[in-house]
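# Geometric and topological summary
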Amino acid sequence: MRKARKISIVLPTFNEEKNIPVLYEKLITIINDLDIPEKEIIYVDDGSTDRTVAVIKDLADKDKDVKFIRLSTRVGHQISCFAGIKAS
């Protein structure tokens, strides 16, 4: 079985400021255990009104593998997922 060389994880978000750090820590632990050399976590903000974007920006400043897209209006999780997949 061939080992994956890259993984992209797309996460649509909407008012998730408290959940993002918890999810990030769990994802990093799992991804590191998989020993995949290239990884990216793409958060797609779907018009949050809380500190979701600020929390994601802080993560992106600390981890080069964290990326984010901020949608200008609320479009729903399906389009948010599509935007993230397209960016990956």
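Structural notes, computed from the coordinates. (Residues numbered from 1 in each chain as written. Predicted model: local features only at pLDDT ≥ 70, side-chain atom pairs only at ≥ 80, totals over all residues. Heavy atoms only, no water.)

### Topic: the nonpolar core
- Residues L11, I20, Y24, I41, Y43 and L59 are the most contacted members of the largest nonpolar core, which totals 13 residues.
- Of all the elements in the fold, those that place two or more residues in this core are β1 (6–13), α1 (19–34), β2 (38–45) and α2 (52–62).
- Not counting residues within four places of it along the chain, the set of residues in contact with I41 comprises I9, L11, Y24, L27, I28, I31, D65, V66 and K67. (Core = buried A, V, L, I, M, F, W, Y, C linked by side-chain atoms within 4.5 Å. Buried < 20%, exposed > 50% of the residue type's maximum accessible area, 1.4 Å probe, protein only. Helix = DSSP H or I, 4+ residues; strand = E, 2+ residues; numbered from the N terminus. Contact = heavy atoms within 4.5 Å.)

### Quick notes on the sheet that holds strand β3 (residues 66–70)
- A sheet is described by the order of its strands in space; here three strands give the open sequence β1-β2-β3, paired in parallel fashion. Across the chains shown, the open sheet's two edge strands, defined by having one partner strand only, are β1 and β3. Across the sheet, the mean angle separating the axes of adjacent strands is 20° when strand polarity is ignored.
- Pairing between β2 and β3: five bridges, direction parallel. Following the sheet pairing, D45 is matched in β3 by R70.
- Most of the contacts of α2 go to β3, to which it runs at about 150°, and overall it touches β1, β2 and β3. (Pairing = 2+ DSSP bridges. Axes fitted to C-alpha atoms, helices over the stretch in contact; angles between N-to-C directions.)

### Focus: the environment of T52
- Within the fold, T52 resides in helix α2.
- The class for T52 is buried, based on a relative accessible area of 0%.
- Between the C-alpha atoms of T52 and N32, which are 20 residues apart in sequence, the distance is 24 Å.
- Setting aside anything within four residues of it in sequence, one finds T52 in contact with T13, N15, E16, E17, I20 and D45.
- Within the structure, the side chain of T52 is placed 2.5 Å from the side chain of D50, a separation counted as a polar contact. (Polar contact = N/O pair within 3.5 Å; in protein donor to acceptor, adjacent residues only side chain to side chain.)

Any functional reading would require information that these geometric values do not contain.
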